[in-house]
Number of protein chains: 4
Amino acid sequence: MRAVAFERPGSVAIVDRPEPELLASDDAVVRIEAAGICGSDLHIYRGRVPTQPGFTLGHEYVGTVVAAGDAVSRVRVGDRVLGTFMAVCGACGACRRGEFSLCGGIRLFGLGPLGGCLQGTQAELALVPHANLTLRRVPPGLPDATALLAGDVMATGYHAVLAAGLVAGETCAVVGAGAVGLCAVMCAHLAGAAAVFAIDSVEPRLEIARSLGAVAVHHGEHDCRRAVGAHTSGRGADVAIEAVGSPDALRTACRVVRKGGTVSIVGVHAEPAAVAMDDVFIRGLRIVAGLANVVAHVDRVLALMAAGRLQAGPLAADEVPLAQAPEAYARFDRRETAKILLRP
Amino acid sequence: MRAVAFERPGSVAIVDRPEPELLASDDAVVRIEAAGICGSDLHIYRGRVPTQPGFTLGHEYVGTVVAAGDAVSRVRVGDRVLGTFMAVCGACGACRRGEFSLCGGIRLFGLGPLGGCLQGTQAELALVPHANLTLRRVPPGLPDATALLAGDVMATGYHAVLAAGLVAGETCAVVGAGAVGLCAVMCAHLAGAAAVFAIDSVEPRLEIARSLGAVAVHHGEHDCRRAVGAHTSGRGADVAIEAVGSPDALRTACRVVRKGGTVSIVGVHAEPAAVAMDDVFIRGLRIVAGLANVVAHVDRVLALMAAGRLQAGPLAADEVPLAQAPEAYARFDRRETAKILLRP
Amino acid sequence: MRAVAFERPGSVAIVDRPEPELLASDDAVVRIEAAGICGSDLHIYRGRVPTQPGFTLGHEYVGTVVAAGDAVSRVRVGDRVLGTFMAVCGACGACRRGEFSLCGGIRLFGLGPLGGCLQGTQAELALVPHANLTLRRVPPGLPDATALLAGDVMATGYHAVLAAGLVAGETCAVVGAGAVGLCAVMCAHLAGAAAVFAIDSVEPRLEIARSLGAVAVHHGEHDCRRAVGAHTSGRGADVAIEAVGSPDALRTACRVVRKGGTVSIVGVHAEPAAVAMDDVFIRGLRIVAGLANVVAHVDRVLALMAAGRLQAGPLAADEVPLAQAPEAYARFDRRETAKILLRP
Amino acid sequence: MRAVAFERPGSVAIVDRPEPELLASDDAVVRIEAAGICGSDLHIYRGRVPTQPGFTLGHEYVGTVVAAGDAVSRVRVGDRVLGTFMAVCGACGACRRGEFSLCGGIRLFGLGPLGGCLQGTQAELALVPHANLTLRRVPPGLPDATALLAGDVMATGYHAVLAAGLVAGETCAVVGAGAVGLCAVMCAHLAGAAAVFAIDSVEPRLEIARSLGAVAVHHGEHDCRRAVGAHTSGRGADVAIEAVGSPDALRTACRVVRKGGTVSIVGVHAEPAAVAMDDVFIRGLRIVAGLANVVAHVDRVLALMAAGRLQAGPLAADEVPLAQAPEAYARFDRRETAKILLRP
C-alpha cells in the first residue's frame, strides 16, 4: 500500500509499505478515506521532532473498518469510523479512572519514537490498536473534513475549555489562534463564554477568530493585559487557554487571566520555561496542563458536531490526492492553506 | 405612593401607601420604572401562599435609585438598576461562603410573612435592603423587559443548569416549560447542551420551547422516558431540571435522567412527596434542590444579556400602566399572556 | 466442592456443587480461605430478596487464585486475593468513566437473580468474572478478617464519605450503626471530621460507635436534630450518611443535616419513600445515592488498611468452619454476633 | 504602648507608640496577650522584605477585645480572640465568592508597605480592621500557643491540603519541613493520607516530621523521586505541597508528584522561576498557588483544634516577655528554637 513517509527535514515521500495486519485481539485495520495534515505533523516535517526516514505520518483520519480482532466490540467491519490521535491501553490505573491521556502505555500515531513508534494514518490502510477506545462511528451525514477533527484538534480545544472549568457567563482568553486555538475559541463560545479573546500576532488568524465571534487582540501591537482588561472591567479573563506551547505564550496567558483564574495549557511544552511564579503566586493562579483527554471527550464532541453546534468552519480543508502529499506538505509548511485533506 | 396590594384570593387592588424611607445604612430606595408580574406572584393571588390584605406584591423590577444609605457603595443615587428577588444579609456563614440563597436572614420581596414581610416592588417606590448585594446597574442599552429577568427567572434557569453541573456536549431534560423552565432551556443551550428536551403537557408552551431549539416532549401523550431515550441511545438525559415543583414533575425528572445523572430542582416544593427512592438508589442519581443563588449569578447573567447571548425572547412582556394591575393579574391568571410588565 | 446455599427462608444448607471452571478469558477461580457473612446476606436468608433454593450465598472473601484466563494480568495463580462484592464489565460507558457501580452489566455475588445470578463465595471455590477489576492482592501481613472488608462494607463506608464531599473540619452524622454505618464512622473520622454523630436505636451499636470516637445519638430517646444541633451551634451536621435504607432513616438524615448540606445514601432503598421535599427544597439539600463504587475505591481502602489507618476493629469476626454455616447464619440472624467468618 | 519594631536588618527594638484607636465602624482594638514570632517575620528581620524603621512586626496573636466599632457583630468587648494574618474587605467580588485571599483590598499585618502598611501585633495593643472577618473567639480551654496558629501557619497547612484536593487514601509529599510544612504534614495526615512524605535537607526538621508520622526524605542525600517512588509502587505522590517558595522546591514538588497529580504551592514566590514545563506538560500536572484563604478556613481549623484533632505539637513555643523580643528574634534567626511566643 502507499503511505506518506518522512524522508528528511523538509521532505516527505510516497512510499510503498506492506499492508498492516492484526496483531492483537483488540486491533482493527482501517481503510483510510481522508487523512488530515495537522500543524503537529509539521514538527516532524521541519525536523524538530526527530524520527527515522520511512516512518508514516499522520493521525487525523476517517475511513472504513476492514478487519477487526475478536475483542473489538464497539465497531464492526464495514463501519465508517474516525479515530483519536492517541491509542491507550484501557487497563492501567489512569485509564480505569477515565484519565486516558495519562495512560502508562499511551502511543501517538505518526509521531515516531516519541509517540511509541505507532505508524501514522496518511496511508491507504492503518493499523489501529485498542480499537474499542480509539475508534468511533462517524455520525450519519457528518462531512469527513469535520469528523476527522473530532479525535484531534476539536477534542483538544474542547478539553482546554473543560479543564479550565469555564462557567457560562465567564470570559475566556485564548493565546494562539492556530487550529487548536480556533477550536478552543469555538468551544469556549459553545460553553457559554460571555466574551472570548483571541490573542495572536498573525492578522489573518485574528481575522478568522473575529469571524467566530472572538475579540481579536494583536499580540505585539496591543498590551494584551490592558486589551483584555478593557473588556473585563480591568479584571482580566476568568480563564486563559495557552494553545501555542511557548514560554512567551504562557507568560501572556498568566498576564491576561484574572486573580484566582485558571490557565489551561494545551500547547505542547518540550522544554523548561521561565515562569513568572511571583505573578502566579501573588495572583493565586491555577495552572492545568497536559495532552487532551480526547478518548474521553470524543463522544461529546461528535454529539455536538452531529447536532450542528460545532463545525469545521475555518478549518475546512483543501482536498488533494494522497499522491500529492509532498507538494501539500510544502504548501502547508508555507502557511498557504489552513488545512489539507489527503484522499488515498 | 401607589402600590399593587393583595386584597383577597383572586383580587389585587391599587392602594395608597406611605413612601418608603431608609431604615439601615445599606438600604436604598428605588423609583420603580417597570415591574414584572411573575408566575410566583400567582401563588399569593390564588391564595395558596397566605398573606395579609394590603401587602404589596412583586419582586421583578427595573428602576432608578433615589436614596441610598451611607454604606451603599456599589450603586449610587441616579443609577438605573435591577434587583434580585431576594435580600440577603451578606454577613452570616452561608453568605460568607457565597451561598447567598442559604442566608440565615433571607427575605423575599412581595411574598408576605413567608418571605419575611418584605414589601414588594409593584409600586412607585420600593425599599431595598442590603442594596450592595440586591441591586445591580442595568447595562447600557438593555431593555427593561430583559433586564428585570436577570435577578429572577433567568438567574433561576441559569442556576438550575449550573447546579446540575451540565458539561458542554451533554443532554438536558427540562420538566416544565413555564417561565423558569424556558429560561432553563435557554441556559442549557447556552452552556453547550448537545440536546435539550422540554417536557410539558401544554402545547403552546412546547411550541415556544421548540422555537428555542428544544425537542418537545408532550407529557401525557408520550412516555417521557422512552421519548428522551429515543434521542439518547436509550440512556436518558445527562441532567434533568425540575422546574414545576410537584411530585409528578420530580418523578418524571428522575425517570428521564440517565443512570448516574443529576436532577436539579428549582420548582418550589412546599410539601412532602412520594419519591421513587428505589429508582433513585438503583440508578445512582444525584439530586440538588433549593432556591436559586441569584445574588451570586446575576452578574454573569447580566454579562450574557449585555453580550446578546441571553434574551427575553418568549418572555418578552405586554406592558400596561400600574393602574391596570387588577385586570392584568386576572388576564395573567387565565394564562392569556406569557408575561406582563407594569409601568408605574 | 462444598458451598453454603439458600434452602428456604430461615435456612441455609451445605451442598455439594461442581467445581467452577473458567468461562471467559478474564475469569479467575479462587480457592476461598475465608468468607464473611454480611448483613446483606440476611436479606436472602430472611426471604426478603427472593432467590432459588440451591443458590450459593456470600460476597466477602479472601482466597488464593488457582486458575486464571489468558486476559487476567493484574493477579496471578498463587496470589492471595480479596474481591469486590460486584463484578463489572470494564468496557461500557460508565466503566470507562471509572463509575463502575453504574456499569450496564453489573453483577453482584451471591444475590440470586437480582444480582445477575452470580454464584456466591461462601464455598470452597468461586468463579470470579472480570478478575482484573474484581480481584486485588492482599497486602502482606493484613489479617483476612480485615482484608475481606475492603471490597465490601469498608469500601462502602469510604464511598459514603467521599460521595458526600466531606471536608476535613466538617461534621458528619451517620444514620444507622450497623456494619456499613460503623465503617462510615471510621472513614469520616479518617477523613478529618471535627465530629462524627452516630444515630441508632440499639444501645450496643451506639456503644461501639462511641468506642470509635463518635457522639452517640439514641434515635427514639433523643430528638436527633436537636441532639446534633447541640454540638454544631444549632446548625446541623455538614453531611449526613444514610446507612439503613429506610424512609425513616432518610427522613432523619434530612433533618440532622445543615442547610445546604449533603445527604449521602448507601442504605439500600428498594421501594418508593415519602420524602420531606419541602424540607429538602427550603433548606437547599443535595442528595447522592447509589451502590458504592467499590471497584474504584478498593485500592485506596487497602492502602489505608496496610498503613494501619483503617482497621476491622468492632467488625472483627468470629471464625467457624464452613460446615457450621447453618448455625452461624442462625446466630447472626439473632444478632448474637457482629460478624462471622466461615473457613472452608 | 510598647511594640516590637523593625530597626534595621538584623535588629528589632522595643519602641513606644501611641495606642491605636478605632478608625472605622468595623474595627476592633485587641489587647495582645500572646504574639508569635513566625518564619515570615524573618523576611523583614533579615532585610529581604523592605520596610521602614519603626514599623511594628507580627501577625500571630491571641488577646482580648477592648474596643469595637458599631458594625462589629461577631465578637464583643471582653472576648478572648485570635486573628487571621490578613485583613480583607468582605465586599469585593472575590470576598463575596468566599475567596478572601484574593481580596482586592487585602492587607497583611506587620509586613510594611508590601502588606498595605498594617501595623503588626507584637505589641500591647493592635488595631484590627474588618474585625467580623479577622477575629474569632478562642474556644474554651485551647492554649494560646495553639490558638494563635489557627489564623496563620496551621490554616496555611490546611489550605495547602484542601487546595490540592487530597482524597483519603492518597499519598502526599510535603516539600519543606518548616512551620508551614509541618502543619501541612499534620493536615495531610488528618485528611486521611495513606502516607505523607516530608522532604527537607535539615535533619532535625525531618526528625520532627517523623514524629508526626511522616516518611522523611533527605533532600540531597536521597534522589527524592526515587525515594517517594519506593513507597508508591513507582508512581509518585498523588499530591505535592511546596512549602518553601523556591525554584528548587518547586522543581522537587513537580518531580515527586505522580502523573496527573497536583502541586499545591503555599511557599511564597517573589521572583520568576525556571519551571520544567516539559515535565509539567508531559506528565499532565495541575498547579495551584497563592496565599492561603485563612479567613475561610479558620473556623474549621479551630473546630479541629477544639476537638483535639490538630495540635501545636512540635510548634509549641518558648515563651518570653515582650521586652526580650530583640534577643528572641536573634535566637529565632539562628534557628535555636522552633517557635517563640512573646508575652506583652
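So, here's what we can say about the structure. (Residues numbered from 1 in each chain as written. Chains lettered and ligands numbered in written order. Predicted model: local features only at pLDDT ≥ 70, side-chain atom pairs only at ≥ 80, totals over all residues. Heavy atoms only, no water.)

## A closer look at the overall build of chain A
Counting its secondary structure elements, chain A contains twelve helices and 18 strands. The globule rule puts the C-alpha radius of gyration for 344 residues at 20 Å, and the 20 Å found for chain A is close to it. Considered along the principal axes of its C-alpha atoms, chain A spans approximately 60 × 40 × 40 Å. Split into buried and exposed, the 344 residues of chain A put 60% on the buried side. Taking the contacts inside chain A whose residues are at least 6 apart along the sequence as the reference set, 69% of them involve residues at least 24 apart. Of the roughly 12,100 Å² that chain A leaves accessible, carbon and sulfur atoms contribute 53%. (Helix = DSSP H or I, 4+ residues; strand = E, 2+ residues; numbered from the N terminus. Rg over C-alpha atoms; globule rule 2.2 N^0.38 Å. Buried < 20%, exposed > 50% of the residue type's maximum accessible area, 1.4 Å probe, protein only. Contact = heavy atoms within 4.5 Å. Areas by Shrake-Rupley, 256 points an atom, 1.4 Å probe, with all protein chains shown as cover.)

## So, the interface of chain D and chain A
Taken residue by residue, the interface counts 34 residues in chain D and 33 residues in chain A. Note on chain D versus chain A: buried area summed over both sides is about 2,500 Å², and carbon and sulfur give 65% of it. Considering only the side of chain D, the residues that lose the most area to chain A are Leu102(D), Met277(D) and Phe281(D), jointly responsible for 28% of the buried surface there. Taken together, the connections running from chain D to chain A amount to zero salt bridges. The interface formed by chain D and chain A contains nine residue pairs in polar contact (both at pLDDT 80 or more). Elements supplying a minimum of two residues to the side of chain D that touches chain A: β14 (257-265), β15 (273-275), α10 (277-282) and β16 (286-289) of chain D. (Buried area = accessible area lost by both parts, 1.4 Å probe. Salt bridge = Lys/Arg side-chain N within 4 Å of Asp/Glu carboxyl O. Polar contact = N/O pair within 3.5 Å; in protein donor to acceptor, adjacent residues only side chain to side chain.)

## Description of the sheet that holds strand β14 (residues 257-265) of chain C
What the twelve strands build is an open sheet, ordered β12(B)-β11(B)-β10(B)-β13(B)-β14(B)-β16(B)-β16(C)-β14(C)-β13(C)-β10(C)-β11(C)-β12(C); its pairing is mixed. Sheet topology places β12 (215-218) of chain B together with β12 (215-218) of chain C at the edges, where each strand pairs with a single neighbour. Averaged over all adjacent pairs, the angle separating strand axes in this sheet is 20°, with direction ignored. Of the pairings in the sheet, the one linking strand β10 (residues 171-175) of chain C to strand β13 (residues 237-242) of chain C comprises four bridges and is parallel in character. Within β13(C), the position partnered with Val175(C) by the bridge is Glu242(C). (Pairing = 2+ DSSP bridges. Axes fitted to C-alpha atoms, helices over the stretch in contact; angles between N-to-C directions.)

## A look at the relation of the copies chain C and chain D
Each of the two chain copies goes to the other by way of a rotation about an axis and a shift along it. Its rotation angle being 180°, the transformation that places chain C on chain D also includes 0.0 Å of axial translation and leaves an RMSD of 0.0 Å. A rotation of that kind, with that shift, is consistent with a two-fold axis. For chain C, the minimum C-alpha distance to the rotation axis belongs to Ala191(C) and amounts to 2.3 Å. A share of 100% of the interface residues of chain C reappears at the interface of chain D, consistent with the copies meeting face to face through the same patch. (Least-squares fit on C-alpha atoms with pLDDT ≥ 70 in both.)

## Focus on the interface of chain C and chain D
Each side of the interface is counted separately: chain C has 17 residues, and chain D has 17 residues. Summing both sides of the interface, chain C and chain D together bury roughly 1,300 Å²; the carbon and sulfur share of this comes to 61%. The largest share of the area that chain C buries against chain D comes from Ala168(C), Arg300(C) and Arg309(C), three residues that together contribute 33% of it. For the pair chain C and chain D, the interface holds zero salt bridges. Counting across the interface, chain C meets chain D through eight residue pairs in polar contact (both at pLDDT 80 or more). Sorting the residues of the side of chain C that touches chain D by element identifies α5 (153-164), α6 (179-190) and α11 (294-306) of chain C as the ones contributing at least two each. For the side of chain C that touches chain D, the element with the highest residue contribution is α11(C), accounting for three residues.

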